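Each chain, written out:
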Amino acid sequence: MTLSTRDRLNQIEQTIINDPFFGNRSLSSGNGGYIFDYDPEDEIVVRDFIRNFASRADLGFKIQAIDLFNDVLINFLKEEDYLESVFDLEEECRSLPEGIDYLKNAMSGLIQQGGDSDLFVNYISRVAEEGSVIFLYGVGKCHPFVRSHVIINNFNSKMNGVKTILFYPGTYNSEELRLFGTIPSENYYRSMVLVGRD
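Right, let's walk through the structure included here.

## A word on the pattern of salt bridges
Right, so step 1: Counted according to the given criterion, the structure contains nine salt bridges.
Right, so step 2: R8 is the salt-bridge partner of D37, the closest N and O atoms lying 3.0 Å from each other. One end of the pair, D37, is in strand 1 (residues 34–38); the other, R8, is in helix 1 (residues 5–9), and 29 residues separate them in sequence.
Right, so step 3: Classification of D37 by relative accessible area gives buried; the value is 3%.
Right, so step 4: A salt bridge links R56 to D58; the nearest nitrogen and oxygen atoms lie 2.9 Å apart.
Right, so step 5: Of the residues examined, R56 reaches a relative accessible area of 31% and is grouped as partly exposed.
Right, so step 6: Owing to a relative accessible area of 55%, D58 belongs among the exposed residues under this scheme.
Right, so step 7: Each of R8, D37, D39 and R197 takes part in one network of salt bridges that share partners.

## Points about the packing of helix 5 (residues 68–79) against helix 8 (residues 119–127)
Right, so step 1: Relative to each other, helix 5 and helix 8 sit at 110 degrees, their axes nearing to 11 Å. The angle between helix 5 and helix 8 places the two elements in the roughly perpendicular class. Across the interface between the two elements, L68, D71, V72, L73 and F76 from helix 5 touch L119, F120, Y123 and I124 from helix 8.

## Things to note about unusual backbone geometry
Right, so step 1: A positive phi angle, close to 60 degrees, is found at D81, a residue other than glycine.
Right, so step 2: Relative to the elements of secondary structure, D81 occurs in the loop between helix 5 and helix 6 (83–93).

## Re the packing of aromatic side chains
Right, so step 1: Tallied over the entire structure, the rule returns six aromatic pairs.
Right, so step 2: Centre to centre, the rings of F76 and Y82 are 6.3 Å apart; their planes meet at 55 degrees, and the pair counts as tilted.
Right, so step 3: The class of F76 is buried, set by a relative accessible area of 15%.
Right, so step 4: One aromatic cluster in this structure is built from F36, Y38, F49, F53, F135 and F167.
Right, so step 5: Seen from the ring of F36, R8 lies directly overhead, with NZ or CZ sitting 4.3 Å from the centre.

## Examining the pairing of strand 3 (residues 132–137)
Right, so step 1: Within strand 3, six of the six residues are buried, leaving the element largely enclosed by the surrounding structure.
Right, so step 2: Burial along strand 3 is two-sided: S132, I134 and L136 and V133, F135 and Y137, pointing in opposite directions, are all buried.
Right, so step 3: Pairing geometry for strand 2 (residues 62–67) and strand 3, over six bridges, is parallel. Looking across to strand 3, one finds that D67 is bridged to Y137.
Right, so step 4: Sheet topology note: the strand 3/strand 4 (residues 164–172) ladder contains three bridges and is parallel. Paired with I134 across the bridge in strand 4 is T164.

Rules behind the numbers
Each chain has its residues counted from 1, running along the sequence as written. Thresholds applied to this predicted model are a pLDDT of at least 70 for local features of residues and 80 or more for the giving and counting of side-chain atom pairs; totals over whole chains, interfaces and linings are not thresholded and use all residues. Values shown for side chains rest on all heavy atoms present in the structure; no hydrogens or waters enter the calculation. The salt bridge criterion pairs a side-chain nitrogen of Lys or Arg with a carboxyl oxygen of Asp or Glu, the two atoms within 4 Å. Strands here mean DSSP runs of E at least two residues long; helices mean DSSP runs of H or I at least four residues long; both are numbered from the N terminus. Accessibility here uses a 1.4 Å probe with only protein chains present; expressed as a share of the type maximum, an area under 20% marks a residue as buried, one over 50% as exposed, and anything in between as partly exposed. Only the contacting stretch of a helix is used when fitting its axis, a line to C-alpha atoms as for every element, and angles between N-to-C directions run 0 to 180 degrees. Note on angle classes: values under 35 degrees are labelled roughly parallel, values over 145 roughly antiparallel, values of 65 to 115 roughly perpendicular, and the remainder oblique. Every residue pair with non-hydrogen atoms within 4.5 Å of one another is taken to be in contact. A pair of aromatic rings is counted whenever rings of Phe, Tyr or Trp (Trp by its six-membered ring) have centres within 6.5 Å, and the orientation is called stacked for planes under 30 degrees apart, edge-to-face for over 60 and tilted otherwise. We call a charge positioned over a ring when the NZ of a Lys or the CZ of an Arg lies within 6 Å of the ring centre and within 35 degrees of the ring normal. A pair of strands counts as paired when DSSP detects no fewer than two bridges linking them.

Following this line, the structure appears as structure tokens:
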């Protein structure tokens with residue numbers, strides 16, 4: 001029997017408490033983290049869960065909830081005074097045949113995803129607190145400018161031991177990600193499924 005997203009979310013607390021990966025909450029040890037995949041139509045349910053869970057004081061550990069779109073991407077564009085320029089560029093690109101591809105390439109140059117100056121990895125390594133579990137969400141809002149598999153692979157290679165759970169609107173089976181259940185990615189991942197669908 002397939003579990004609902006809400007039922008699976010309700011298993012997260014016990015998974016964190018019982019899993020050795022989370023039990024040793026030092027930032028210097030562990031694996032590449034977990035992925036919680038869910039049906040995109042349950043986005044609001046997942047966001048509500050993250051907000052409520054992260055605010056609880058009775059857990060015995062801290063949750064740091066990071067919205068990859070608002071907390072990282074948009075804040076970066078604001079801090080660097082690029083936000084209005086990106087809006088203007090987006091407007092210009094609407095009339096070009098290669099519009100979205102041009103905008104994606106321009107954004108790629110700004111955020112340097114996958115490089116040594118990767119915006120997302122640098123942000124999370126800067127804010128990660130000893131003993132916390134980091135919930136990453138907002139993947140769908142970042143599409144098509146941010147590639148989920150690059151975020152995951154960079155965390156695995158550069159941030160070993162940071163306790164992360166990526167909330168992913170799509171499907172993940174330990175080998176393949178499909179954003180929104182339809183857009184495939186061809187890379188291999190070392191992250192584990194947090195709570196299965198069965």
